[in-house]
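So you can see what is in the structure, the chains are spelled out below.
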Amino acid sequence: MDILVCIKQVADDSIDISFDASKDAIDFNGAEQVVNAFDTYALEMAARLKEADEGEITVLSVGPDSAKNSLKNCLAVGAEKAALITCDDYQEKDPKQIAQLLAKGIKDLEAERGGAFDLIFCGKESTDQASGQVGLMLANELGYGVMTNVIDIEKAGDVMKAKHQTDVGYDLIEAGMPVVLTVEKPKYEPRYPTVKSKMAARKKPIEELSPADASAHGYEVVKVYGPPKREAGVKIVAESAEDAVAQAMEHVLAAKVL
């Protein structure tokens with residue numbers, strides 16, 4: 001089974017990111033660049049599927065030359081090959097443009113290998129822009145079917161069976177191959193690289209692909225702004241629970257919540 005996983009390099013979302021009001025922009029200075037969290041789930045799901053059914057995983061990214069570091073990390077945790085579509089202004093492109101760039105890269109890779117990928121994995125969204133649209137638009141560009149918000153998957157002959165996450169549980173869905181999948185957080189965590197796998201990943205080449213001519217922007221960003229700061233809460237100090245409840249109700253009535 002031949003699998004491709006699309007990944008994006010983003011600022012580490014485990015640290016606080018500030019908003020620079022003077023520039024109407026997010027301040028990423030000092031933030032480490034890492035693989036998007038949902039893409040790590042997609043890669044782990046692909047790796048488990050490969051181990052159960054054999055095959056090969058290729059990782060593909062759109063981004064600057066520094067994204068090669070993230071691709072190397074993917075090579076250390078399950079991928080065999082990596083390719084980069086060099087694009088310094090990738091953060092300024094909208095989801096449709098990114099989907100077009102990925103589709104062109106995928107078609108180039110498929111032409112080289114002489115056949116289509118069976119599965120194309122994407123994270124359900126990126127942690128920086130969180131549009132949740134690239135995977136869907138990529139499927140449209142390629143003319144493939146798509147399964148979204150996947151939390152588990154298995155191969156049954158020529159059909160892929162998946163669990164599609166919903167607000168009340170999950171639906172069982174299936175699709176023929178090739179198919180695009182967008183991955184939600186599964187019940188397991190991504191694996192960590194070993195020293196040996198890191199050393200091996202450093203020696204693997206990363207293929208550089210030429211970008212496509214993307215269409216004009218599908219939408220325009222009018223304004224970027226930080227969320228309003230939360231106001232300090234009211235601290236209630238009382239000698240008994242009854243007094244505390246009475247004070248709380250006074251505040252509720254004063255605020256005209258009820």
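The structure reproduced in this document is the subject of the present report. Bear in mind the structure is a predicted one, so any value in this text is a computation, not a measurement.

Things to note about the pairing of strand β8 (residues 119–123)
No. 1: With 5 of 5 residues buried, β8 lies mostly within the body of the structure.
No. 2: Where burial is concerned, the two faces of β8 agree: the one with Leu119, Phe121 and Gly123 and the one with Ile120 and Cys122 are both buried.
No. 3: As judged from the 3 bridges shared by strand β1 (residues 2–7) and β8, these two strands associate in the parallel manner. For Leu4, the partnering residue across the bridge sits in β8 and is Ile120.

Things to note about the packing of aromatic side chains
No. 1: Enumeration according to the criterion identifies 1 aromatic pair in this entry.
No. 2: Of note, Arg48 hangs over the ring of Tyr188, and the distance from its end group to the ring centre comes to 3.7 Å.
No. 3: Against the face of Phe117 rests Arg113, its NZ or CZ located 4.5 Å from the ring centre.

Side note on the pairing of strand β6 (residues 56–63)
No. 1: For β6, the buried fraction is high: 7 of the 8 residues fall into the buried class.
No. 2: Across 6 bridges, β1 lies against β6 in parallel orientation. Within β6, the residue paired with Ile7 across the bridge is Ser61.
No. 3: Relative to strand β7 (residues 81–86), β6 runs parallel, the two sharing 6 bridges. Residue pairing across strands places Ser61 opposite Leu84, the latter belonging to β7.
No. 4: Once the chain exits β6 it traverses helix α2 (residues 68–75) before rejoining the sheet at β7, and the crossover so formed is right-handed.

Concerning the layout of surface pockets
A water-sized probe, rolled over the atoms, reveals where empty space remains.
No. 1: What the second largest pocket holds in volume is close to 650 Å³.
No. 2: Taken together, 28 residues make up the lining of the second largest pocket; nearest its centre are Val34, Val35, Thr40, Asn73 and Arg191.
No. 3: Listed by contribution, the elements that provide at least two residues to the lining of the second largest pocket are β2 (9–11), β5 (33–35), α1 (37–53) and α2.
No. 4: Examining the composition of the lining of the second largest pocket, we find that 5 residues originate from one element, α1, more than from any other.
No. 5: Residues of the lining of the second largest pocket, tallied by class, amount to 11 nonpolar, 9 polar and 8 charged.

Cut-off values and rules
Residues numbered from 1 in each chain as written. Predicted model: local features only at pLDDT ≥ 70, side-chain atom pairs only at ≥ 80, totals over all residues. Heavy atoms only, no water. Buried < 20%, exposed > 50% of the residue type's maximum accessible area, 1.4 Å probe, protein only. Helix = DSSP H or I, 4+ residues; strand = E, 2+ residues; numbered from the N terminus. Pairing = 2+ DSSP bridges. Phe/Tyr/Trp six-rings, centres within 6.5 Å; stacked < 30°, edge-to-face > 60°. Lys NZ or Arg CZ within 6 Å of the ring centre and 35° of its normal. Right-handed = clockwise from strand over helix to strand, strands pointing away. 1 Å grid on protein atoms, 1.4 Å probe; cavity = no way out; pocket = protein on both sides within 12 Å on 5 of 7 lines; lining within 4 Å. Points joined across faces, edges and corners; volume = space filled by probe spheres on them. Nonpolar A, V, L, I, M, F, W, Y, C, P; charged D, E, K, R; others polar.

Keep in mind these numbers describe shape, not what the thing actually does.
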